[in-house]
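Observations on chain architecture
Residues per chain, in single letters:
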Amino acid sequence: MAITLSDHAVPRPPLSARLSTPQAWGIVLLTPYLLVFLAFVLYPVGYGLWLARHPESYVALYNDPIFARAAVNTLIFLVIGINVKMLIALFLSGFFAQQRAWIRWLSVLFILPWAVPSIPTILSVRFMLNPEWGVVNHLIFQFTGDDGPNWLNDPTVALTMAIGVHIWKSLPFWTLILMTGRLAISNDLFEAAAVDGASFWQKFRYITWPSMRTLYVTCTLLSMIWTLGDFNSVYLLTGGGPADLTHVLSTLGIRYLRLDQLNLAMASIVCALPLVLPLVYFMMKRLSR
């Protein structure tokens, strides 16, 4: 009499026996990364969303004029800062792509603002703009005999200075990225265009820009994501002042933390998600092509 056993009655081997040696080592090596990701990314983000879950927090944000000013400042920061920065980086990449010895030495000095940490560089700019003993007003007094203005006491001027610091700090990085795109273009195309009598603008329009357009757009999207989270340029230079009128969404949470309003601080950060998520989607869509 034959006895047949169902598949469920046959005991399955343990997981360690079903995995090959490379698969087991892969799980072992991924475990620390997963633990770090859960502890320092997933848990803080989830906890922040949980703190910002109350609708009353967003009503309070809507009624706070500082939040409206910070949202407008963020849009101004993005529109002006990113477009000016990327356009300058596009044309400077052509300058630094030239094969000359003195340009190579100049590129070393040019990249220093990006390579040096933000705290000493931005604080040095803040000290230079001090109305009493800053070097800028000292030079104005030395050459004109007039006292210089209080640069960071006017909200418009202070926000302009913060945008300028952001451009100055991050410009070398994007110039370097776009310069690599220029160097990838075959020099034969430019030589053929020169033989045909093409001007500098025609070479840029018909050779350089079509070859770099995808890279430029991708860098712009990535720059927008990073600029939304740029905390240092505003907070280290102006501290959100004067009168909290130069805050952006990335620094507004500090204001609410000082007021012991943790739920509003988290809600102000969550309000930036409608701007960040579409940018991440479009960037990933372009990179997956």
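Attention here is on the structure that accompanies the text. In this text the structure is predicted, and so the values were computed from the model without any measurement.

Let us look at the overall build of the chain. In terms of helices and strands, the chain carries 15 helices and 0 strands. Computed over its C-alpha atoms, the radius of gyration of the chain comes to 27 Å, more than 25% above the 19 Å expected for a compact globule of 289 residues. Put simply, the chain has 289 residues, and 34% of those count as buried. In the chain, once contacts between residues fewer than 6 apart in sequence are set aside, the share between residues at least 24 apart is 71%.

Next up on the list: the packing of aromatic side chains. The geometry of two aromatic rings is summed up by the distance between their centres and the angle between their planes. For the coordinates displayed, the defined rule picks out 15 aromatic pairs. Ring geometry for Y47 against W50: centres 6.0 Å apart, planes inclined by 20 degrees, an arrangement best described as stacked. Separated by 3 residues within a single helix, Y47 and W50 lie in helix α2 (residues 21-51), roughly one turn from each other. A network of ring pairs unites the aromatic residues F95, F96, W102 and F110 as a single cluster. The ring of W50 has R53 sitting right over it, with the charged end atom 4.0 Å from the ring centre.

Right, let's talk about the nonpolar core for a bit. Counting 23 residues, the largest nonpolar core has M86, L90, W174 and L178 as the members making the most contacts within it. Elements supplying a minimum of two residues to this core: α4 (65-96), α9 (155-183), α10 (187-195), α11 (200-228) and α15 (273-287). Beyond its immediate stretch of four places on either side in the chain, M86 contacts W174, L178, Y216, C219, T220 and S223.

With that settled, consider the packing of α11 against α15. It is at 10 Å that the axes of α11 and α15 come closest, and there the two elements cross at 155 degrees. By the angle between their directions, the pair α11 and α15 is classed as roughly antiparallel. Note that α11 runs across α15; the crossing there is left-handed. Between α11 and α15, the residues in contact are T214, V217, T218, L221, L222, M224, I225 and L228 and L275, V276, L279, V280, F282, M283, R286 and L287, respectively.

Okay, the pattern of salt bridges next. One side chain can pair with another of opposite charge once the charged atoms of both are near each other. Counting across every chain of the model gives 2 salt bridges. We note a salt bridge from D244 to R255, for which the minimum N-O separation is 3.1 Å. In this pair, D244 is assigned in the loop between α12 (232-235) and α13 (249-258) and R255 in helix α13, connecting sequence segments 11 residues apart. Judged by its relative accessible area of 15%, R255 is buried. It is possible to trace a salt-bridge network through shared partners that takes in D64, D244 and R255.

Another point: the side chain of D64. Within the secondary structure, D64 is located in the loop between α3 (55-63) and α4. Here D64 falls in the buried class, since its relative accessible area comes to 13%. Among the polar contacts listed, one links the side chain of D64 to the backbone nitrogen of I66, at a separation of 3.1 Å. Setting aside chain neighbours within four positions, we find D64 in contact with R255 and Y256.

Applying the stated criterion across every chain yields a total of 1 cavity of 30 Å³ or more. Around the largest cavity sit T74, F77, L78, T227, L228, D230, V234, V248 and S250, which together line it. For the lining of the largest cavity, the secondary structure elements donating two or more residues are α4 and α11. Of all the elements, α4 adds the most residues to the lining of the largest cavity, at 3 residues. Partitioning the lining of the largest cavity into residue classes produces 5 nonpolar, 3 polar and 1 charged.

The residue after G241, namely P242, is reached through a cis peptide bond having omega 0 degrees. Structurally, P242 is set in the loop between α12 and α13. With a phi close to 60 degrees, D244 is a non-glycine residue in the positive phi region. Although it is not a glycine, D260 adopts a positive phi angle of roughly 60 degrees. As for its placement among the helices and strands, D260 is situated in the loop between α13 and α14 (262-270).

Cut-offs applied
Residues numbered from 1 in each chain as written. Predicted model: local features only at pLDDT ≥ 70, side-chain atom pairs only at ≥ 80, totals over all residues. Heavy atoms only, no water. Helix = DSSP H or I, 4+ residues; strand = E, 2+ residues; numbered from the N terminus. Rg over C-alpha atoms; globule rule 2.2 N^0.38 Å. Buried < 20%, exposed > 50% of the residue type's maximum accessible area, 1.4 Å probe, protein only. Contact = heavy atoms within 4.5 Å. Phe/Tyr/Trp six-rings, centres within 6.5 Å; stacked < 30°, edge-to-face > 60°. Lys NZ or Arg CZ within 6 Å of the ring centre and 35° of its normal. Core = buried A, V, L, I, M, F, W, Y, C linked by side-chain atoms within 4.5 Å. Axes fitted to C-alpha atoms, helices over the stretch in contact; angles between N-to-C directions. Parallel < 35°, antiparallel > 145°, perpendicular 65-115°, else oblique. Left-handed = near helix turned anticlockwise from the far one by under 90°. Salt bridge = Lys/Arg side-chain N within 4 Å of Asp/Glu carboxyl O. Polar contact = N/O pair within 3.5 Å; in protein donor to acceptor, adjacent residues only side chain to side chain. 1 Å grid on protein atoms, 1.4 Å probe; cavity = no way out; pocket = protein on both sides within 12 Å on 5 of 7 lines; lining within 4 Å. Points joined across faces, edges and corners; volume = space filled by probe spheres on them. Nonpolar A, V, L, I, M, F, W, Y, C, P; charged D, E, K, R; others polar.

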